[in-house]
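# Topology and contacts: notes
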Amino acid sequence: MLLGHETAWREWREALGGERMHHAWLLAGRRGLGKASFALAAARALVGAGEGDAAHHPDIHTLTYGPKDDKEERKRADGKPFEQARSIRIAQIRAMQTRLSTRPTLGDCRAIIIDPADDLERNAANALLKSLEEPPVGTFFLLVAHSPARLLPTIRSRCRVLRFPTIPDMDMDRLLADLAPNADDLTRAAAIAAAAGSPGAALQFVDMELGKVAQAMRNILDRGDPDFQLRGTLAGLIGARPDRDRIRAVLELARSVVAQRLDPSLADPRPVIDTHSELVRLTGEQPTYNFDAGLLAMEIGTLLANAATASERADG
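These numbers come from a predicted model, not from an experiment.

### Comments concerning the packing of aromatic side chains
Inspection of every chain in the model, using the stated rule, returns three aromatic pairs. Seen from their ring centres, W12 and W25 are 5.0 Å apart, and the 70 degrees between their planes marks the pair as edge-to-face. One end of the pair, W12, is in helix α1 (residues 6-16); the other, W25, is in strand β1 (residues 24-28), with 13 residues separating them in the sequence. According to the relative accessible area criterion, W12 is buried, its value standing at 0%. Considering the side-chain rings of F38 and F164, the 5.0 Å spacing of their centres and the 85 degrees angle between planes classify their relative orientation as edge-to-face. Here F164 lies in the loop between β5 (160-163) and α7 (169-179) and F38 lies in helix α2 (residues 35-47), a separation of 126 residues in the sequence. Judged on exposure class, the residue F38 and its partner F164 are both buried. Members of the aromatic cluster, each reached through a chain of ring pairs, are W9, F38 and F164.

Below, the structure written as structure tokens:
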């Protein structure tokens, strides 16, 4: 089973073999831990599907982000990509409930995967609650949540929780050696540091080639940057128009670099970095995105340079 999730899989298999299988499960853990893959494997086990046919099995249904509205979906019949919503809508839940009014197609049970369940619109969550309170016979729900606290308490209370812990760095290193064998040591180390125990994030960060970014941050932290040249280098490595994922990765990397080198007697710059991370998360929910990556690079560089200068003063 997936690396690091043997306990969750064992709990699932034991429940599956029991007399009374709980009808709703909440798969909880940070993004990139493999919860969606786990949910699909669990759904296969429920309906008796083979590994190759699970994605198209008539009794496995996945609700995730769709088009903003049905009209847009019809307009996109020309094959061009439609604009995705940032939430799971009530129309999707109602369509699911209509499907649940009929019997499973091939067997005695069906699996409903909702991913990410913590992005249900409020009215969609309320509609889902009715199905969780009175589930059709043979219907099982698998709710994937990166931030379970965002779910309605009444939904959480009706689910059995499977928690997905982060993966230790040693296991992450072995995983990247298998899945990203061409990554150099600098890139792999930076990806592990930025991912903070999330294999999915680490693989994404490997693709971003963050090794040089990490080294630029360490250079600023080690030497300061009185002439701003290192900060300019950092901005160039981040790129003029990075997407949200790259900016989020850079912020996570900055936090890890600071954590490795921070003198406990100095002011901690990580709260400022965390504020930026929250800003990135919030702006990611907006239709437009105007985050100035160059200014961000300069601010991160200034935090690191100030920490380096303060460290020199403390040593002197």
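### A look at the pairing of strand β3 (residues 110-114)
Remember that side chains alternate between the two faces of the sheet whenever the strand is regular. For β3, the tally of buried residues reaches five of five residues, placing the bulk of the element in the interior. Of the two faces of β3, the one lined by R110, I112 and I114 and the one lined by A111 and I113 are each fully buried. Of the pairings in the sheet, the one linking strand β2 (residues 60-63) to β3 comprises four bridges and is parallel in character. Counted as the bridge partner of T62 is I113 from β3. Where the polypeptide runs from β3 across helix α5 (residues 122-133) and back to strand β4 (residues 139-145), its parallel neighbour, the crossover connection is right-handed.

Cut-offs applied
Residues numbered from 1 in each chain as written. Predicted model: local features only at pLDDT ≥ 70, side-chain atom pairs only at ≥ 80, totals over all residues. Heavy atoms only, no water. Phe/Tyr/Trp six-rings, centres within 6.5 Å; stacked < 30°, edge-to-face > 60°. Helix = DSSP H or I, 4+ residues; strand = E, 2+ residues; numbered from the N terminus. Buried < 20%, exposed > 50% of the residue type's maximum accessible area, 1.4 Å probe, protein only. Pairing = 2+ DSSP bridges. Right-handed = clockwise from strand over helix to strand, strands pointing away.

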